[in-house]
Amino acid sequence: MSNERTGTSSGEDSSSVAGAAATAARSTGGPSRRQVIGVMAAAVASVAVPATAAATAARTAPTTLPANGVTARSRQPRATGTLFIGTYTSSGGPGIGLASYDTGTGAITGTGTLQGVGDPSYLAVHPDGGTLYAVNERQDGGVTAIALGENGDHTVLGTRGTGGSSPCHLSVHPGGRWLLSANYGSGNVAVHPIETSGALGERTDLVTHTEPAPGPGQNGPHAHQIVTSPDGAHVLAVDLGTDSVHTYRLDETAGTLTRVSYARLPAGAGPRHLVFHPSGRFAYMANELNNTIAVCAYDPGTGALTPGDPLPTGAGGAGDSFPSQPVITGDGAFVFLANRGHDSLSRFAVEDNGTGLRLLDTVPVGGDYPRQLALSPDGTLLFAANQRSNAVSVFHVDQGSGELAAAGDPFASPVAVCVLPL
């Protein structure tokens, strides 16, 4: 039994997803948002996950734990990194692309494909590095867990239903015990417990955004991102359909969300993704529909987010370019933003201890429709998943100036919509 709420009403959760036969129905409220090519989705079987209690015991812990309670795999300097590439299988994507990359040159080498996961359009890894999670962006949304083998022998552990449609984002709570996901189509966010094995238990919560009213041209809420604040105290859900960001507290025993505040952005902004400054006091919001980025003040005590005035991206006007994802360097000095339509990357200097952004330049992304960005763990490489040109671009990041330099030709990857470097 799970708790599904638009206020306090309850509902049932399905224990697993066997795969949808049709691709996720896109809302008419955001025609510029995704533009997926495929019409019919391949039915993908998933391994059932045994039901567990809502409050699953934390992963086996060592004698001494870091602050977040999770032991991560060693991240010593190395010559080769691991790369996972999310795709739309309903649009011709092969599944989750497997690759390695040279940490010096940025060159990518394909190593295979992980099949058996339908429409894995967004990926996240557990803090201990042992389990990969993927959304199944379909009408009957799901989230899938994959155990990562040291030698690349990965195992699909199973899929759980999100209780909503077209999930497009997920993240792991820093403590490693809860998976958070955002259902774009149905405008709600879900919580699943993570078992000791990394597999997912039965959904413990589902919260629908019922206010504020939808923005111009929108037909309802469209949850686009769900992340935890840097201090772990709050969970924030960005909603494109209602031009808002909802802040929740997560009950880490029951796995339930309680809303504590929400912030409004300008009508028609279409907020998509935010990224926090390392200080935890500011966040930078990409607004997809009005082609802007905004500095948001964040109060760690209350969880309140206060958006500032929207800033230009340097990628033309609204309707010409659609920002997708911002990322920030580990030292908080630079923010990079992917611009679909303009097909560029904007580089911003972070100023005044995080309170300001200054546009430095835009550079061509080397592909068509950059859907998502990710920095390598050491911050020296920037990866861009180019959905329409079926490729991943790689850039060297100058550690002093933040300048971007292309690292060779893009790596061919069908329907690349998400890239996760480890």
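Residues numbered from 1 in each chain as written. Predicted model: local features only at pLDDT ≥ 70, side-chain atom pairs only at ≥ 80, totals over all residues. Heavy atoms only, no water.

## A word on the confidence of the model for the chain
Across the chain, pLDDT averages 86, with 82% of residues at or above 70. Low pLDDT (under 50) marks residues 1–69, which in the prediction has 189 contacts with non-local residues, meaning those over four places away or in another chain. (pLDDT = per-residue confidence, 0-100. Contact = heavy atoms within 4.5 Å.)

## A short note on the sheet that holds strand β24 (residues 356–364)
If you walk across this open sheet you meet the 4 strands as β21-β22-β23-β24, and the pairing is antiparallel. Because the sheet does not close on itself, it has two edges, and the strands there are β21 (322–328) and β24. On average, each strand axis in the sheet is tilted by 25° relative to the strand beside it, whichever way the strands run. Sheet topology note: the strand β22 (residues 334–340)/strand β23 (residues 344–351) ladder contains 6 bridges and is antiparallel. (Pairing = 2+ DSSP bridges. Helix = DSSP H or I, 4+ residues; strand = E, 2+ residues; numbered from the N terminus. Axes fitted to C-alpha atoms, helices over the stretch in contact; angles between N-to-C directions.)

## A short note on the packing of aromatic side chains
When we look at a pair of aromatic rings, we describe it by the centre distance and by the angle of the planes. This model, assessed by the stated rule, comprises 2 aromatic pairs. Look at Tyr-101 and Phe-383: their rings are 5.1 Å apart centre to centre, the planes differ by 70°, and that puts the pair in the edge-to-face class. Taken together, the residues span a long stretch of sequence, with Tyr-101 in strand β3 (residues 96–102) and Phe-383 in strand β26 (residues 381–386) at a distance of 282 residues. Given a relative accessible area of 0%, Phe-383 falls into the buried group. Centroid distance Phe-276 to Tyr-298: 5.2 Å. Interplanar angle 80°. Geometry classified as edge-to-face. With Phe-276 in strand β17 (residues 271–276) and Tyr-298 in strand β19 (residues 292–298), the pair connects residues that are 22 residues apart, well separated along the chain. With respect to class, Phe-276 is no different from Tyr-298; both count as buried. Lying across the ring of Tyr-369, Arg-388 places its NZ or CZ 3.8 Å from the centre. (Phe/Tyr/Trp six-rings, centres within 6.5 Å; stacked < 30°, edge-to-face > 60°. Buried < 20%, exposed > 50% of the residue type's maximum accessible area, 1.4 Å probe, protein only. Lys NZ or Arg CZ within 6 Å of the ring centre and 35° of its normal.)

## Observations regarding unusual backbone geometry
Geometrically, the link from Glu-211 to Pro-212 is a cis peptide bond, its omega value of -5° lying close to zero. Position of Pro-212 among the secondary structure elements: in the loop between β12 (205–208) and β13 (223–228). Backbone geometry at Asp-352 places phi at a positive 50°, although glycine is not the residue there. By relative accessible area, which is 59% here, Asp-352 ends up exposed.

## Quick notes on the environment of Arg-347
Secondary-structure assignment places Arg-347 in strand β23. Residue classification places Arg-347 among the buried positions, given a relative accessible area of 8%. When the C-alpha atoms of Arg-347 and Leu-337 are compared, they prove to be 6.7 Å apart, with 10 residues separating the residues in sequence. Not counting residues within four places of it along the chain, the set of residues in contact with Arg-347 comprises Val-335, Phe-336, Arg-358, Leu-359, Leu-360, Asp-361, Ser-401, Gly-402 and Glu-403. A polar contact is formed between the side chain of Arg-347 and the backbone oxygen of Ser-401, at a distance of 2.7 Å. (Polar contact = N/O pair within 3.5 Å; in protein donor to acceptor, adjacent residues only side chain to side chain.)

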